[in-house]
Every structure is written in structure tokens, then in C-alpha cells.
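Per-entry structural report
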Amino acid sequence: MVKICCLGAGYVGGPTMAVIALKCPSIEVVVVDISQPRIAAWNSDTLPIYEPGLDEIVKECRGRNLFFSTDLEKHVSEADIIFVSVNTPTKTRGLGAGKAADLTYWESAARMIADVSKSDKIVVEKSTVPVKTAEAIEKILMHNSKGINFQILSNPEFLAEGTAIKDLFNPDRVLIGGRETPAGQKAIQALSDVYAHWVPQDRIIATNLWSAELSKLAANAFLAQRISSVNAMSALCEATGADVAEVAHAVGKDTRIGPKFLNASVGFGGSCFQKDILNLVYICECNGLPEVANYWKQVIKINDYQKNRFVNRVVSSMFNTVSGKKIAILGFAFKKDTGDTRETPAIDVCKGLLGDKARISIYDPQVTEEQIQRDLSLNKFEWDHPVHLQPMSPTTVKQASVVWDAYSATKDAHGICILTEWDEFKNLDFQKIFDNMQKPAFVFDGRNIVDAEKLREIGFIVYSIGKPLDSWLKDMPAVA
Ligand code: NAD
Ligand code: UDX
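Definitions and limits used
Residues numbered from 1 in each chain as written. Chains lettered and ligands numbered in written order. Predicted model: local features only at pLDDT ≥ 70, side-chain atom pairs only at ≥ 80, totals over all residues. Near = placed C-beta within 6 Å. Helix = DSSP H or I, 4+ residues; strand = E, 2+ residues; numbered from the N terminus. Nonpolar A, V, L, I, M, F, W, Y, C, P; charged D, E, K, R; others polar. Pairing = 2+ DSSP bridges. Axes fitted to C-alpha atoms, helices over the stretch in contact; angles between N-to-C directions. Contact = placed C-beta atoms within 7 Å. Buried ≥ 20, exposed ≤ 12 C-beta atoms within 10 Å, placed from the backbone. Right-handed = clockwise from strand over helix to strand, strands pointing away. Arc of directions from axis to C-beta. Parallel < 35°, antiparallel > 145°, perpendicular 65-115°, else oblique. Left-handed = near helix turned anticlockwise from the far one by under 90°. UniProt positions renumbered as here; feature names shortened; annotations may be inferred. Core = buried A, V, L, I, M, F, W, Y, C linked by C-beta atoms within 7 Å.

**Some details on the site of ligand 2**
Near ligand 2 you find 19 residues, and of these Asn263, Ser265, Phe268, Gly270 and Cys272 are the closest. Among the elements that take part in the shell around ligand 2, helix α9 (residues 209-240) stands out by supplying three residues, more than any other. Residues that form the shell around ligand 2 fall into these classes: 11 nonpolar, five polar and three charged.

**Side note on the sheet that holds strand β9 (residues 326-330)**
Taking strand neighbours across the sheet as the criterion, the six strands line up as β11-β10-β9-β12-β13-β14 in an open arrangement whose pairing is parallel. Bordering the open sheet on either side are β11 (400-402) and β14 (461-464), each of which pairs with just one other strand. Averaged over all neighbouring strand pairs, the angle between strand axes comes to 20 degrees, with direction disregarded. For strand β13 (residues 442-445) and β14, the ladder comprises four bridges, and the chain directions are parallel. For Phe442, the partnering residue across the bridge sits in β14 and is Ile461. Most of the contacts of helix α12 (residues 290-317) go to β13, to which it runs at about 170 degrees, and overall it touches β12 (415-418), β13 and β14.

**Examining the pairing of β13**
In β13, alternate side chains face the same way, and those of Phe442 and Phe444 on one face and Val443 and Asp445 on the other are all buried. Viewed along the sheet, the connection from β12 through helix α16 (residues 430-435) into β13 turns out right-handed. As for the winding sense of the linkage, the β-α-β connection from β13 through helix α17 (residues 452-458) to β14 is right-handed.

**Regarding helix α6 (residues 133-143)**
Those residues of α6 that sit buried are Thr133, Ala134, Ile137 and Leu141. Projected onto a plane normal to the axis of α6, the buried residues spread over an arc of 95 degrees and lie on a single side. For α6, exposure combined with an orientation more than 90 degrees from the buried face picks out Glu135, Lys139 and His143. Summarising the contacts, the buried residues of α6 are in contact with α5 (104-116), β5 (121-125), β6 (150-154) and α9.

**Examining the packing of α9 against helix α10 (residues 244-252)**
When two helices pack together, their arrangement is given by the angle between the helix axes and by the axis-to-axis distance. It is the contact of α9 with α10, at a shortest axis distance of 9 Å, that shows an interaxial angle of 135 degrees. The orientation of α9 relative to α10 falls into the category oblique. Judged by the twist between their axes, the crossing of α9 over α10 is right-handed. Between α9 and α10, the contacting residues are Val230, Met233, Ser234 and Cys237 on the first element and Val244, Val247 and Ala248 on the second. Within the contact of α9 with α10, the residues separate by chemical class into six nonpolar, one polar and no charged.

**What to know about the UniProt feature "active site" (unreviewed entry) in the chain**
What UniProt calls "active site" (unreviewed entry) maps, in this numbering, to Cys272. Not counting the four nearest positions on each side in its chain, Cys272 is found in contact with Thr128 and Asn220.

**Focus on the nonpolar core**
Counting residues in each nonpolar core, the largest one holds 71 residues, and the members touching the most others are Ile329, Leu330 and Cys417. Not counting residues up to four positions away in its chain, the partners in contact with Ile329 are Ala346, Cys350, Ile360, Ser361, Ile362, Cys417 and Leu419. Grouped together as the second largest cluster of nonpolar side chains are 61 residues, Val84, Trp106, Val174 and Ala212 included.

As C-alpha cells, then:
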């Protein structure tokens, strides 16, 4: 029986290994993590992450050929293939702080693999890493190998949260990079045999190591760039009376461009886009390519601009002050169908409104109060460090309360900000909400999910990203 061990039981390690276990009953898969609470949660009825379809798969495979453990050394030493899916956060201090990837967790994983291994291993980079990381990992493994042969592969993960199981069942491609040597090619074949249990052969792409590593950063940069492009257009739409949805539809009809990923929003969030683009920018700078670095940096700048613009729109619409006013925040996760809040635009919007002394009342169907308070207290880039290593936030933000339904959040509020596109927000009883709000009552739709015309008929003043403005909003000072 082939044995797989995965280091890192997070959003990538957990679902990816669960799907491998489901599709490959002949393979034993053990997911290990240094976080004891995380592993305990994977072994319980309440999994540590919310992902549609995941519970069922874990229930079916756990105890059969899928296991979760904190005994890293035992399972690493027994495995034939080791996936490394640990955090690769942005460095918060020292050389490259605020841009470069912090490979501390990766390096400690590699050193542990070298220490405990007694047989040949294939080590797979599943985490997103800077180009040439495989070379550094190879050095650590080889210098400590005691004669054991390690083959390093790059097999970046392309799943998106909220649709992880669907993406893993039916990936657009599986990318495997390896050394162009007979041993490297043999390792690529061994990993492709695992995926071939359910992925058609023509979707399994083999490349050299550096192409695979760079393709992951490039794919995320291209995706984020589309969102920044449409968000940049949304600002121009508001200034000119064009409708960003109509523009995106017309642009996306060009088959060379395509219709997906052109939804204007309050800004992109998630653990990957910003971190990976900053990493790309740093790599370009280190390689003496400042023009290329600046090009990609602009994608982040527009995203920050979009979040600021949204906050400014809220404040300027409400007579240029939200001091003491209750603002309801509907949705805190970075997208629907996940409880993940990493780099969610809601953090920046809430901090912006709190900076203007608003009182905010937050409702999200999947995010806990503890998580929200923690997010509002942490500094930039601090979130991506294993939870048990991070001190709990000592303070709670008093002007921010967290409630468990949209009606309590909006009661007596002056305005509503919709920051996540949860389906349930489309079907709220907005007449009831309007009746219980202060007047004039505002809705700022950061995801363009509500029917603005219907809300206007009820009496709301409505702002939708990139859509023609209400006369009220037009009369307010320009937003930059
Ligand atoms: P995560 O924080 O959810 O999980 C990482 C886990 O690794 C944590 O549970 C942590 O305790 C554990 N860990 C850290 N050091 C360890 C060690 N030495 N040994 C064992 N476990 C260790 O992170 P994630 O979202 O799963 O992301 C992991 C990697 O995958 C990152 O590089 C990320 O960029 C990449 N990625 C993420 C996504 C996504 O959607 N989240 C998609 C594609 C790629
Ligand atoms: C992303 C990549 O899509 C995935 O391939 C990679 O493996 C990890 O990073 P993820 O961050 O989970 O996945 O979600 P994604 O669907 O890409 O959304 C990212 C952010 O962009 C979200 O905040 C989302 O709301 C926003 N977005 C997405 C838009 O604002 N407009 C769009 O048209 C699409």
C-alpha cells in the first residue's frame, strides 16, 4: 500500500487529502499538524473548516484510509510521498518584511523530514512558495539525508475556498514540476499515478520545477488582476453613469477575455491573492526587474483603493460623518460559503468605519465573534501564523458588536454595508429592515447582490459598486 503523509491540516491539506483518500482507497493518507486543537477538530464531528461537501467525505474515509494525527515523526518516516502544505506567510519583520514569503514553517518541516526519514521519499511542495524554493529545500534535505534519496516535486494547489471539493473533484489542471532527470521523471510519474485515479490524463501537466512554482504565483496574479481591472472600471462607471455589470458582460463576451471573474466588488480578499502577489513583487525586485514589480504592485494598490473608496462613500453619503452612528455589517467572510476571514475586505472596511467613530454591528452566518474580534485587533500580516503560536488578542474592539442574525444587526442602524455575497442576504425582508432603521436609511452593497430598484421603492438610498448613482449620492462630495 502506498503511504501518503501531509504536513499541515489546513484549508489545503485537509480537503486535498480527504479527496485523495476518497478517490484512492488503496492509498493510506495521514494528515499531521503541529496544532493539537486542529487535529482534534479533524477527528471530531465539528471539522476545523467549513467547506461544502467536506464533512461527508471525511466521515466516509476517516478511520478507513484517512487519518489525522499529531505524531509527525512516525507518519513522515513511514510515508512514501510527503506533501508539505504548511503556511507560507508574508514576512512581518526583517529582510523583505511586508513582501517576501516567510519560509520558517517550510524549513522546519524540511529539517524534520530529513531527521526522521529512513527510506527514500518524494517530497511534494503543496504550499505556494517563491520560485526556487525547491532548490533550497533540496539543499536542506540532501545535507541532512544520511544517504537517503529525496525527490522534490512542485504540485501547487489551485482550489478556491467555498468550492474546494468541486475544484478537487474536477480540476482544470493538476500541475507537477520535477527535476529533468530519470529519478525526477519517475517521481513525477508516481504522483501523476495518484491523481490519475480520477483526473483525466490530459489535465495532468508535467513541467520543470521552476515553471510549476512560478505558474502558481502567475495564476493568482492574473486572477487578482482581473478583479482589480473591473474594480478600476467600477470607479469610472460611477463617475460617468455607465453600469459596471453591463460593461463586464460586454467585455467578457469576447471569447479571448471570457466572462468569469469579472464581478466588481468592495475588493478581493482571501489568504492567497495579496500574499502571493507581494511575493511575486519581491521576487521581481530581487531579480532586478523593478518595472515588472511595479506592474504587479498596482493590482494590490487598486484593491486597497477600492476598499478605501467604499469606506469614503459610506462616510460622505452620511453627511461626512458616521461618528456614533450604528452601521450594520452583513457578511465578514472573504467570500460566501466559507468561514475564512483571512485578508477579508471586511476587516479594512470595519477598521475604516471604526476610525471614523462608527458603532458597527456585524453578522456573518459562519464567522464567530472571537474570530471577528481577533481580526479587528491584529496588525497586517499577523494572521498567517499557526494559531497556537499566536498570542490571543488581549483587547476587544468595544465599538464592534457581533450578532447572530441580520435583523438584529440592522435594527436602529443608519446604514447597512453588504460585504459578503451570502445567498441569504438576497432574500431578507428589506421592508421590515427599513421599518426598524433610522432615516434616511442607506444600503451600501459591496457585492452587488440586492435588487437596488426594489430597495429604492421601499425608501432606501442605495449605493451599488460601479452602478449609476442615486441623486442623493451624486450630490455628496466626490469620493477619491
Ligand atoms: P492553513 O493555515 O489553513 O494551514 C496550514 C497548517 O500548517 C496549519 O494548521 C499549521 O498549524 C500547520 N503547520 C505549520 N507548520 C507546520 C509544520 N512544521 N509541521 C506540520 N504542520 C505545520 O493554510 P492553508 O490555507 O492550508 O495554506 C497552506 C499553503 O497552501 C499556503 O502556502 C497557501 O498559500 C497555499 N494555498 C492556499 C489555498 C487556500 O485556498 N487557502 C489555495 C492554494 C494554495
Ligand atoms: C484563489 C484562487 O481562485 C485559487 O485558484 C487559489 O488556489 C487560491 O486563491 P480563493 O482566494 O479561495 O481562491 O477564492 P476566489 O474565488 O479566487 O476569490 C478571491 C477573492 O476575490 C474573494 O474575496 C472574492 O470575493 C473576490 N472576487 C472573486 C471578486 O471580487 N470578483 C470576482 O469576480 C471573483
